[in-house]
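Structural description and commentary
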Amino acid sequence: MVSALIRLIDGVNERVGKIAAWAILAAILVSAINAIIRKVFGTSSNAWLELQWYLFGATFMLAAAWTLKSNEHIRIDIISSRLSKRWRDWIDVFCHVFFLLPFAGLMIWLGVPYFLNSFASGEVSSSAGGLAIWPAKALIVAGFIMLFLQALSELAKRLQIIAGLRPDDARPTGHAAALPPEADTPASAHDR
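1. A short note on the overall build of the protein
Broken down by element type, the protein carries six helices and zero strands. Moving toward the C terminus, one meets the helices and strands of the protein in the order α-α-α-α-α-α. Within the protein, residue pairs in contact and separated by at least 24 positions form 74% of the contacts whose partners lie at least 6 positions apart. Accessible surface computed for the protein: about 12,100 Å², of which carbon and sulfur atoms make up 71%.

Take a look at the structure:
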């Protein structure tokens, strides 16, 4: 049951993250079109600029959970590389329980009424020709819900790995992939 839920959360967040990453290309195209229209026709709209912000925000908020799933979030490698894998797993458990989950939960709790008030009032940008604001606020809530669920998935995986119920099939990526092989080897078998 837990493994099926982990696979579901991981799969949804990865798919959504990969789709959201395309918003960067859309933001670039919107920016280029806006610049061309401004230079050629001497006119523009605040909606174009706000659309760029929305697309960037969508990428950031909707890909955050995928980043966590892919183990690409920021770490202090100079410290964590000196620790055994078991210690790093326990640090992940501690940080997920005491930092990430409470923070994401608080952002959801505060974000839902923030979005609902904006949606109910039909809030729009104060800029002339600006866009509706509630979609951006909805992205904040959606992003933190996805991040909260991914944190639960990562916590469950770490606990299963520590208990020996799951193989640790996560391979180093990003900066961690650049570490020398001995950086992942504990100083002694006792550390594991």
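So, next bit.
2. Here's the deal with the packing of helix α1 (residues 2-41) against helix α2 (residues 46-69)
It is the contact of α1 with α2, at a shortest axis distance of 7 Å, that shows an interaxial angle of 155°. One finds that α1 runs roughly antiparallel with respect to α2. When the axes of α1 and α2 are compared, the crossing they make is left-handed. Considering only residue class, the contact of α1 with α2 consists of 20 nonpolar, six polar and four charged.

3. Details of the nonpolar core
Met-61, Leu-68, Val-93, Leu-100, Leu-101, Ala-104, Ile-108, Phe-144, Leu-147, Ala-151, Leu-155 and Ile-162 together form the largest nonpolar core, which totals twelve residues. Where this core is concerned, the elements lending two or more residues are α2, α4 (85-121) and α5 (134-162). Ignoring sequence-local partners within four residues, the contact set of Leu-155 consists of Val-93, His-96, Val-97 and Leu-101. Counting five residues, the second largest nonpolar core, distinct from the first, contains Ala-20, Leu-62, Ala-65 and Met-146.

Cut-offs and rules
For every chain, the first residue of its written sequence is number 1, and the numbers climb from 1 along that sequence. Whole-chain, interface and lining totals are the exception, using all residues; otherwise, since this is a predicted model, local features are given only for residues with pLDDT of at least 70 and side-chain atom pairs are given and counted only at 80 or more. Based on all heavy atoms of the structure, the side-chain values leave hydrogens and waters out of the count. Runs of H or I in DSSP of at least four residues are treated as helices and runs of E of at least two as strands, each being numbered from the N terminus. Any pair of residues with heavy atoms lying within 4.5 Å of one another is described as a contacting pair. Note on areas: Shrake-Rupley with a 1.4 Å probe; residue coverage comes only from the protein chains shown. Inter-axis angles, ranging from 0 to 180 degrees, are taken between N-to-C directions of lines fitted to C-alpha atoms, where helices are fitted over the stretch in contact. Working rule for angles: under 35 degrees goes down as roughly parallel, over 145 as roughly antiparallel, 65 to 115 as roughly perpendicular, anything else as oblique. Handedness of a helix crossing follows the sense of rotation of the near helix relative to the far helix, less than a right angle counterclockwise being left-handed and clockwise being right-handed. Throughout, the ten residues Ala, Val, Leu, Ile, Met, Phe, Trp, Tyr, Cys and Pro are labelled nonpolar, Asp, Glu, Lys and Arg are labelled charged, and all others, Gly among them, are labelled polar. Side-chain atoms within 4.5 Å link the members of a nonpolar core, which is a set of buried Ala, Val, Leu, Ile, Met, Phe, Trp, Tyr and Cys residues. With a 1.4 Å probe rolled over the protein chains alone, any residue whose accessible area is under 20% of its type maximum counts as buried; one over 50% counts as exposed, and the rest are partly exposed.

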